[in-house]
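Structural overview
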Amino acid sequence: MTATLRGAGAGQRVAKSGPDRRRMLAGSLAMIMTLTTRSRLAQATPDDGSLGRSAAGCGVRFGAAYDAEVFEDAGYAELIRRHSTVTGNLNAFKYDWLRPKGPQADFHMADRILAFAAEARIPFTATTLFWNDYPAPWLKHLSVAELRRLFDAHVDEVVGRYAGRIAAWVVVNEPFAPWDGEPGIYRKGPWYAAFGPGYIERAFRRARAADPSARLILNEGFCERRDDIGAAVRPALRGLARRLLDDGVPVDTIGLQGHIQPRYGVDHVAYGAYLAELADLGLSLEITELDVDDSRMPGDIEVRDRQVAEQYRAFLDQVLAVPRIRSIMTWGISDRTTWYSDVAKAENPVSPRPPRPLPYDRAMQPKPATAAIRAAFETCLEPRR
Ligand code: XIL
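A brief structural summary.

Topic: the pairing of strand β3 (residues 124-131)
- Taken across its eight residues, β3 has eight buried, putting it largely inside the fold.
- Alignment of strand β2 (residues 87-89) against β3, held across two bridges, turns out to be parallel. Across the sheet, the residue bridging to G88 is T125, located in β3.
- By the bridge criterion, five bridges tie β3 to strand β4 (residues 168-173) in an arrangement that is parallel. Its bridge partner being in β4, W131 is matched across the sheet by N173.
- Between β3 and its parallel partner β4, the chain crosses via helix α7 (residues 144-161), and the hand of that crossover is right-handed.

Structure, rendered in C-alpha cells:
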C-alpha cells in the first residue's frame, strides 16, 4: 500500500466560507453541465484534438507526466506530444531513482526523459528533489551528519546539472503525513530526520541558488479529501506556505497532486474554495498529478468510465475558476501505465482489476474522461490570456 492510500478517515471536512461570485457561477454551471454531460458522455465519440490547445483557451497549460514508456511505445509518445503544453517525469528524477544503490547518481534515464520534452519543445517540470516517502533503502544506515551532507550535495549536483533547462522543480513533495504522529503533522523520513522541518526551507533556498531560473514548487496531496486527512493537511499546507513566504523562502508555486479518490469523499466545491485561499497568499497554483481512482467504482466499464469522467469534470470546473491556476498535469496519459496498477496488485495479487484512472485506455483510445477534460476547458469561466 502506498502512502497516498494510507490514512482513510471518516472525519467531516469543515467547509470554508465565502465563495466569490465567480465560483458560485462555476458551481451552478457545473451542475448544469453534469446533467448535459451525462447524455454527451453516453455517446462519447473519438476525441483526439490537443487538450493542451483546448486548455490554452482558458489561459492554462495542460499536459501529462511520463517515464520510459515514451521510448518503448510510439503511440504513448505521440499522445504526450499531442496533448501536452507542459510535461514532467513520473519517477526518473526522484532521489531513489537517481541514486538507487548509493550516493553515486546515474543520470542516464533522467537525461533521456528531459531530452524527449526538449525535442518536443514542451516545458518540463522535474519531480521531486525531496520526498520523505520511498527513501532509497541505503539511506537508512547513515548518520545525521552524512544525511545532511548528501542533502546539500543532491540539490547542488542535480539542480546544477539541469540549470536553465528545467522550467520548474518540485522541490519538496508531500511534506505532511498526519498518520506519522509528528508535531506539525510533518512526514517522517530521512530528510526530516536530518534537519527537522527545516529541510523544507533549506531545499528551496539551495535550489534557487543552484538554478535561479527554475520555478520552485511545494507539492502536496490529500487536499481534496473530505476526511480527517484532508481536514488536517489543508491548513497545515497553507500555514507552511505562509511561513515560508514570511521568511523570504523562494517558493513560487503550490502544486496540488489531485489524485482524486472518491472513496474518501471529495468535496469539489470546498476544494475550489481552498484553492482560492491558497491563491490569496500570492503564489501561483498547479495541479501536478491528476488522475481518478476507480477501484471502488462499479465493474461495468461504461458506468465506471462515466463516473471517472464526472470526477474529472467536477474537479476541473472548480480548479479552472481560480485565476491563479497555471497548469494541470495528469499522472500519465493512458491506463497502460498508471501507478494504480501497482496498488491494484498490492490489494489483490491474484486477480487485480485493471484500473482505468486516466484519459486514454490501454489501447490508447480516448475515454469519456478525455471529453470531460476538454469540455471543462471549453467552458471555463476565467480566461487568463
Ligand atoms: C508514484 C509512481 O507513480 C510510482 O511508479 C512509484 O513507485 C511511487 O510513486 N504521489 C506522488 C507521486 O507524489 O510521486 C507518486 O508516484 C504517486 C502518489
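Focus on the nonpolar core
- Ranked by internal contacts, the top residues of the largest apolar core, which has 101 residues, are F93, W169 and I328.
- Sort the elements by how many residues they give to this core and helix α10 (residues 228-246) lands first, with seven residues.

Some details on the packing of aromatic side chains
- Applying the stated criterion to the full structure yields 20 aromatic pairs.
- Taken together, a centroid distance of 6.0 Å and an interplanar angle of 75 degrees make the contact between F107 and Y162 edge-to-face. Taken together, the positions of F107 in the loop between α5 (95-98) and α6 (108-119) and Y162 in the loop between α7 and β4 put the pair 55 residues apart, joining distant regions of the chain. Y162 carries the same exposure label as F107, and that label is buried.
- Here the aromatic residues Y66, F71, F93, F107, F116, F124, Y162 and W169 are joined through ring pairs into a cluster of three or more.
- The residue whose ring lies beneath R225 is Y264, and the NZ or CZ to ring-centre distance is 3.6 Å.

Digging into the site of the ligand
- Taken together, the neighbourhood of the ligand is formed by 12 residues, with N91, K94, N173, Q257 and E289 sitting nearest.
- With respect to the ligand, the side chain of K94 contributes an N or O atom lying 2.8 Å from an oxygen atom.
- In this structure, an oxygen atom belonging to the ligand sits 2.8 Å away from a side-chain N or O atom of N173.
- Contact with the protein chains covers 87% of the free accessible surface of the ligand, which is 410 Å².
- Residue composition of the shell around the ligand, by class: four nonpolar, five polar and three charged.

Side note on helix α4 (residues 74-83)
- Among the residues making up α4, those that are buried are Y76, A77, L79, I80 and H83. Looking straight down α4, one finds its buried side chains confined to an arc of 160 degrees; they lie on one side.
- Buried positions along α4 lie against α2 (51-56), β1 (61-66), α3 (69-72), β2 and α6.

Examining the pattern of salt bridges
- Taken as a whole, this structure holds 24 salt bridges when the rule is applied.
- Measuring nitrogen to oxygen at the nearest pair gives 3.5 Å for the salt bridge that ties R206 to D152. Separated by 54 residues along the polypeptide, R206 in helix α9 (residues 198-210) and D152 in helix α7 bring together distant segments of the chain.
- On the accessibility criterion, D152 (13% relative accessible area) is buried.
- Put simply, D335 and K367 hold a salt bridge, and the shortest N to O gap is 2.6 Å. Here D335 is found in the loop between β9 (325-330) and α13 (339-347), whereas its partner K367 is found in the loop between α13 and α14 (368-378), with 32 residues between them in sequence. Summarising the burial analysis for this pair, D335 and K367 share the class buried.

Concerning the packing of helix α12 (residues 301-320) against α14
- Orientation of α12 relative to α14, taken along the N-to-C sense of each, is 20 degrees, at an axis distance of 8 Å. By the criterion of interaxial angle, the relationship of α12 to α14 is roughly parallel. Seen along the crossing, α12 lies across α14 with a hand that is right-handed. Contacts from D305, V308, A309, Y312, R313, L316, D317 and L320 in α12 reach P368, A369, A372, I373, A375, A376 and F377 in α14.

Quick look at the side chain of D67
- By the element assignment, D67 lies in the loop between β1 and α3.
- Salt bridges are absent for the buried D67, whose nearest opposite-charge side chain, K94, sits at 6.9 Å.
- In terms of polar contacts, D67 uses its side chain to reach the backbone amide nitrogen of A92, at 3.3 Å.
- Discounting chain neighbours no more than four positions away, the residues touching D67 are N89, L90, N91, A92 and I113.

Here's the deal with the packing of helix α11 (residues 268-279) against α12
- Direction vectors running N to C along α11 and α12 enclose 30 degrees, while the axes themselves pass 8 Å from each other. With respect to each other, α11 and α12 are oriented roughly parallel. The way α11 lies across α12 gives a crossing that is right-handed. On α12, the residues touching H268, V269, Y271, G272 and L275 of α11 are Q311, A314, F315, Q318 and V319.

Reading the values: the criteria
Residues numbered from 1 in each chain as written. Predicted model: local features only at pLDDT ≥ 70, side-chain atom pairs only at ≥ 80, totals over all residues. Heavy atoms only, no water. Buried < 20%, exposed > 50% of the residue type's maximum accessible area, 1.4 Å probe, protein only. Helix = DSSP H or I, 4+ residues; strand = E, 2+ residues; numbered from the N terminus. Pairing = 2+ DSSP bridges. Right-handed = clockwise from strand over helix to strand, strands pointing away. Core = buried A, V, L, I, M, F, W, Y, C linked by side-chain atoms within 4.5 Å. Phe/Tyr/Trp six-rings, centres within 6.5 Å; stacked < 30°, edge-to-face > 60°. Lys NZ or Arg CZ within 6 Å of the ring centre and 35° of its normal. Near = heavy atom within 4 Å. Polar contact = N/O pair within 3.5 Å; in protein donor to acceptor, adjacent residues only side chain to side chain. Areas by Shrake-Rupley, 256 points an atom, 1.4 Å probe, with all protein chains shown as cover. Nonpolar A, V, L, I, M, F, W, Y, C, P; charged D, E, K, R; others polar. Arc of directions from axis to C-beta. Contact = heavy atoms within 4.5 Å. Salt bridge = Lys/Arg side-chain N within 4 Å of Asp/Glu carboxyl O. Axes fitted to C-alpha atoms, helices over the stretch in contact; angles between N-to-C directions. Parallel < 35°, antiparallel > 145°, perpendicular 65-115°, else oblique. Left-handed = near helix turned anticlockwise from the far one by under 90°. Lys, Arg positive; Asp, Glu negative; His and termini not counted.

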